[in-house]
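Below are the chains, spelled out letter by letter.
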Amino acid sequence: MHAFDVLGDPVRRRILELLADGEQPSGAIAAAIREEFGISQPGVSQHLRVLRESGFTTVHVAGTRRLYAVNSEPLREAGEWLERFRHIWDQPLDALATELARGKRERRLRQEKDHARHREPPEGDPP
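Residue positions are counted from 1 within each chain, in the order its sequence is given. A pLDDT threshold of at least 70 governs which residues receive local features in this predicted model, and a stricter bar of 80 or more applies before side-chain atom pairs are shown or counted, although totals over entire chains, interfaces and linings include all residues. Hydrogens are left out, water is left out, and the side-chain values use all remaining heavy atoms of the structure.

Where an unreviewed UniProt entry is consulted, the chain appears under the name Metalloregulator ArsR/SmtB family transcription factor, with the organism given as Amycolatopsis tucumanensis.

In this analysis, strands are considered paired if DSSP registers two or more bridges between them. The way it works is that DSSP assigns letters per residue, a run of H or I at least four long becomes a helix, a run of E at least two long becomes a strand, and they are numbered from the N terminus. Strand order in the open sheet made by the 3 strands is E1-E3-E2, with antiparallel pairing throughout. Only two strands of the sheet have a single neighbouring strand rather than two, namely strand E1 (24–25) and strand E2 (57–62). Bridge count for E1 against strand E3 (residues 65–70) is 2 bridges, and the pairing is antiparallel. Across the sheet, Pro 25 pairs through a bridge with Leu 67, a residue of E3.

The subject of this paragraph is the pattern of salt bridges. The working definition used for a salt bridge is a side-chain nitrogen of Lys or Arg within 4 Å of a carboxyl oxygen of Asp or Glu. In the structure shown here, the tally under the stated rule is 5 salt bridges. Of the charged contacts in the structure, one is a salt bridge between Glu 73 and Arg 76, with a shortest N-O distance of 3.2 Å. Residue Glu 73 and its partner Arg 76 are both found in helix H5 (residues 72–83); the two are separated by 3 residues, about one turn of the helix. Categorising residues by exposure relies on relative accessible area from a 1.4 Å probe, with only protein chains included: less than 20% of the type maximum marks a residue as buried, more than 50% marks it as exposed, and the intermediate range marks it as partly exposed. Accessibility expressed as a relative area gives 41% for Arg 76, which makes it partly exposed. Overlapping salt bridges bring together Arg 14, Glu 17 and Glu 36 as one network.

Our focus in this paragraph is helix H4 (residues 41–53). Relative to the 18 Å expected for 13 residues at 1.5 Å per residue, H4 spans 18 Å between its end C-alpha atoms, a close match to the ideal helical length. For H4, the full list of buried residues reads Val 44, His 47, Leu 48, Val 50 and Leu 51. Seen along its axis, H4 keeps its buried residues to an arc of 155°; they face one direction. The outward face of H4, more than 90 degrees from its buried face, is lined by the exposed residues Pro 42 and Glu 53. Two residues form a contact once any of their heavy atoms are found within 4.5 Å. Residues of H4 that are buried in the fold lie against helix H1 (3–7), helix H2 (10–20), helix H3 (26–37), E2 and E3. Once H4 finishes, Gly 55 follows within two positions and takes phi at roughly 90°, a positive value. Expected helix span is taken as 1.5 Å per residue step, with the number of steps being one fewer than the number of residues. As used here, the arc belongs to the directions running from the helix axis to the C-beta atoms.

This is the structure we're talking about:
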């Protein structure tokens, strides 16, 4: 399964988000996903299996618990693939940042001008 097929599912993305904070037992993952998505424990187990088999997670057994963790390598590969498209969204974002800064500067200059106008004594009055 291709990385974006795995990441295309919102439940699997959410599981990875939960695991980004560190290793989690499968029961805690299932409870969080059940609460957010209304998916049963067997359904969550299927998503965990897809993540494990595609290499996005690792699992180890500790007593009666299965502890899942993120495997960063597939995410790094997906990030590297996306990197070649960065210019597509960086350029418009840079332009937006420029426009926002320009607008902020123009507002500041208007406020300074208004403030200076209110401080000047009216013409004809002694200073």
